[in-house]
Amino acid sequence: MDRKELVRHCKDFEQGYVGIGQLIYDWGIENKSLKHTWKAVLALEKEGQSSPLFYEASAFNYLLSHGLTDAKVLRRIQKEQELFMLPKEKQVLTHLVEHRAFWCFFTVKKAHEDDLFTIKDLLSGETHQLYSPRLPSLREDPRIRGKHFLTLVYSNGECLHTAGVLRFNALSASDLLFYCSLFDCGLPLGSVIKAHYLQFFKLDIISFVNQKKQGGQTLKQLWQPFTLEEFDITALGGRWETVEIGTQIKYNLLEPDQSMMSLPNGELLFSDFLMMEGIIVRDRKTGAMGVSTGTEAAYALHVALLMRSYPDLCLPSKPSVSITLPLAILLMDMDLKVPWSHFKKIFFTPTASSKELLYGKDPK
């Protein structure tokens, strides 16, 4: 199929799809199991920062996520509405029953003429052809440049179409997989979204947040748990600041010493201290501990510091969690169980030096 035929096929298919979308909407707003969440999404308009049209579109997207991905629902609509459907709508619905829609987290590899794109699914690694008249205007917005897209897509047999809201963010594939695991570990993206649509799309809060860098390194939240029966921070060298809450204590390095120069990235402590910041937390009652840093360079240093003083301690070169800053910011205010939940309160309790930096020497 040449380009002109493909574009004509895409436009015809989208025209037929419009009627199907309306039928799914009509089915969805009468579905008792979907009505509560649908109304809750609409209610976000009261305190939201986006236009009312966005929340209406998102609520419709919720219904589409259940209807377009479920062959049983599509067959039911087909059976009940076939007599009232146009020939093109019947053709499209028959195709969608056999080729259900799915959620796709993708990046644009190449833009072609006539609203055609080559995209890569960042979770499956598969490459697809996509037809989307809405995508060009989004890609022209400088605030969205370099972002990845997350949307419901359906196939016309030759290429994909987008259905509903075309969301975007700066997350990586590993970020999104980690985020999904916090809702239902092991479930695929589409199943997580269908089951947790309202909470999952708190992602909208960070749509425009970009990746940040410090000293050439991408800022992240890296986390690695471990356990030590006994621990003395002075064994690590340097001068550390502490915060204590109940049985928990947090340490962050205030002044390095010369012995740290020989450790991985140790020289950066004296040339780019901000890039090397991190914290060590400990529950003195259980011995549970963790190290968290904002860059990979800082993680390597903190791990080396710990293992130098506690040679029986074996910490991995790659931490168990490594998420980029936009996701870390979002998770601060979400009621989700995260790997560092046990230390969450002390994690975000500012140190004396942080308070001084924020409020001056004599904060009130």
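Coordinates for the structure precede this section.
**Quick notes on the side chain of threonine 107**
With respect to the helices and strands, the residue threonine 107 is situated in strand β1 (residues 102–111). Contacts of threonine 107, omitting those with residues within four sequence positions, involve Thr118, Ile119, Lys120, Leu122 and His148.

**Describing the state of the cysteines**
Note on terminology: a disulfide is the covalent bond linking the sulfur atoms of two cysteines. With the rule as written, the count across this model stands at zero disulfides. Cysteine 159 provides the cysteine sulfur closest to cysteine 10, a residue in no disulfide bond, and the two sulfurs are 3.3 Å apart. The class for cysteine 159 is buried, based on a relative accessible area of 3%.

**A few points about helix α7 (residues 173–181)**
Considered for burial, the residues of α7 that qualify are Ala173, Asp175, Leu176, Phe178, Tyr179 and Cys180. Lining the buried residues of α7 we find β1, α8 (189–195), α9 (197–200), β13 (321–324) and α12 (325–332).

**With respect to the sheet that holds strand β11 (residues 278–283)**
Sheet architecture is open: six strands sit in the order β9-β10-β11-β12-β8-β13, paired in antiparallel fashion. For this open sheet the edge positions go to β9 (239–245) and β13, each flanked by a neighbour on one side alone. Going from strand to strand, the sheet's axes swing by 20 degrees on average, the running direction of each strand aside. Direction of pairing for β9 relative to strand β10 (residues 248–255): antiparallel, over a ladder of seven bridges. Bridge pairing in β10 links glutamate 244 to isoleucine 249. Sheet strands in contact with α12 are β8 (220–227) and β13, and its direction is about 100 degrees off that of β13.

**Structural notes on the side chain of serine 292**
Here serine 292 shows up in strand β12 (residues 288–293). You can call serine 292 buried: its relative accessible area is 8%. There is a polar contact of 3.1 Å between the side chain of serine 292 and the backbone oxygen of leucine 222. Aside from chain neighbours lying at most four places away, what touches serine 292 is Gln221, Leu222, Trp223, Gly278, Ile279 and Phe347.

**So, the sheet that holds strand β3 (residues 127–131)**
Hydrogen bonds between backbone groups are what pair the strands of a sheet, and the pairing can be parallel or antiparallel. Reading around the circumference, β1-β2-β3-β5-β4 is the order of the five strands in this closed barrel, with mixed pairing throughout. Adjacent strand axes in the sheet meet at a mean angle of 50 degrees when their direction is disregarded. In this sheet, strand β5 (residues 160–169) lies alongside strand β4 (residues 148–155) in antiparallel orientation, the contact comprising seven bridges. Bridge pairing in β5 places phenylalanine 149 opposite phenylalanine 168.

**Observations concerning unusual backbone geometry**
Here the phi dihedral of aspartate 114 falls at roughly 60 degrees; this positive angle occurs in a residue that is not glycine. When you line up the elements, aspartate 114 lands in the loop between β1 and β2 (116–121). The partly exposed category is assigned to aspartate 114, whose relative accessible area is 41%.

**Considerations on a nonpolar patch on the surface**
A grouping of Ile329, Met332 and Phe348 is seen on the molecular surface, where their side chains present a nonpolar patch of about 260 Å² in accessible area. Mapped onto the elements of the fold, isoleucine 329 is located in helix α12. For isoleucine 329, a relative accessible area of 40% puts it in the partly exposed group.

**Details of the packing of helix α1 (residues 3–29) against helix α3 (residues 52–67)**
When two helices pack together, you describe them by how their axes are tilted relative to each other and by the distance separating the axes. α3 packs onto α1 with a crossing angle of 95 degrees between their chain directions and a minimal axis gap of 9 Å. Viewed along their axes, α1 and α3 adopt a mutual orientation that is roughly perpendicular. Where α1 approaches α3, its residues Tyr17, Gly21, Ile24, Tyr25, Trp27, Gly28 and Ile29 are matched on the opposing element by Phe60, Leu63, Leu64, His66 and Gly67. Of the residues in the contact of α1 with α3, the class split is eight nonpolar, four polar and no charged.

**Focus: the nonpolar core**
Buried together is how nonpolar side chains tend to be arranged in soluble globular proteins. Tyr179, Phe200 and Leu331 are the most contacted members of the largest nonpolar core, which has 62 residues in total. The leading source of residues in this core is α1, at seven residues. Aside from chain neighbours lying at most four places away, what touches tyrosine 179 is Gln199, Phe200, Lys202, Leu203, Leu327, Leu330, Leu331, Met334 and Leu336. Counting residues in each nonpolar core, the second largest holds 30 residues, with Leu222, Tyr310, Leu313 and Leu315 among its members.

**Things to note about the packing of aromatic side chains**
Evaluated as defined, the whole model comprises 21 aromatic pairs. A ring pair is formed by tyrosine 179 and phenylalanine 200, whose centres lie 5.0 Å apart and whose planes are at 50 degrees; its orientation type is tilted. Taken as a pair, tyrosine 179 in helix α7 and phenylalanine 200 in helix α9 lie far apart in primary sequence, 21 residues in all. Look at tyrosine 179 and you get buried, because its relative accessible area is 0%. Joined through ring pairs, the aromatic side chains of Tyr62, Trp103, Tyr179, Phe183, Tyr197, Phe200 and Phe201 make up one cluster. Above the ring of phenylalanine 201, the side-chain terminus of arginine 167 is found at 3.7 Å from the ring centroid.

**So, the packing of α1 against helix α5 (residues 87–98)**
The N-to-C vectors of α1 and α5 enclose an angle of 85 degrees; their axes lie 8 Å apart at closest approach. It follows from the interaxial angle that α1 and α5 lie roughly perpendicular. Where α1 abuts α5, its residues Asp12, Phe13, Gly16, Tyr17, Gly19 and Ile20 lie against Lys88, Glu89, Val92, Leu93, His95 and Leu96. Per-class residue counts for the contact of α1 with α5 are six nonpolar, three polar and three charged.

Definitions and limits used
Residues numbered from 1 in each chain as written. Predicted model: local features only at pLDDT ≥ 70, side-chain atom pairs only at ≥ 80, totals over all residues. Heavy atoms only, no water. Helix = DSSP H or I, 4+ residues; strand = E, 2+ residues; numbered from the N terminus. Contact = heavy atoms within 4.5 Å. Disulfide = S-S within 2.5 Å. Buried < 20%, exposed > 50% of the residue type's maximum accessible area, 1.4 Å probe, protein only. Pairing = 2+ DSSP bridges. Axes fitted to C-alpha atoms, helices over the stretch in contact; angles between N-to-C directions. Polar contact = N/O pair within 3.5 Å; in protein donor to acceptor, adjacent residues only side chain to side chain. Patch = residues over 30% accessible without salt bridge, like charges linked within 9 Å, V, L, I, M, F, W, Y side chains within 5 Å. Areas by Shrake-Rupley, 256 points an atom, 1.4 Å probe, with all protein chains shown as cover. Salt bridge = Lys/Arg side-chain N within 4 Å of Asp/Glu carboxyl O. Parallel < 35°, antiparallel > 145°, perpendicular 65-115°, else oblique. Nonpolar A, V, L, I, M, F, W, Y, C, P; charged D, E, K, R; others polar. Core = buried A, V, L, I, M, F, W, Y, C linked by side-chain atoms within 4.5 Å. Phe/Tyr/Trp six-rings, centres within 6.5 Å; stacked < 30°, edge-to-face > 60°. Lys NZ or Arg CZ within 6 Å of the ring centre and 35° of its normal.

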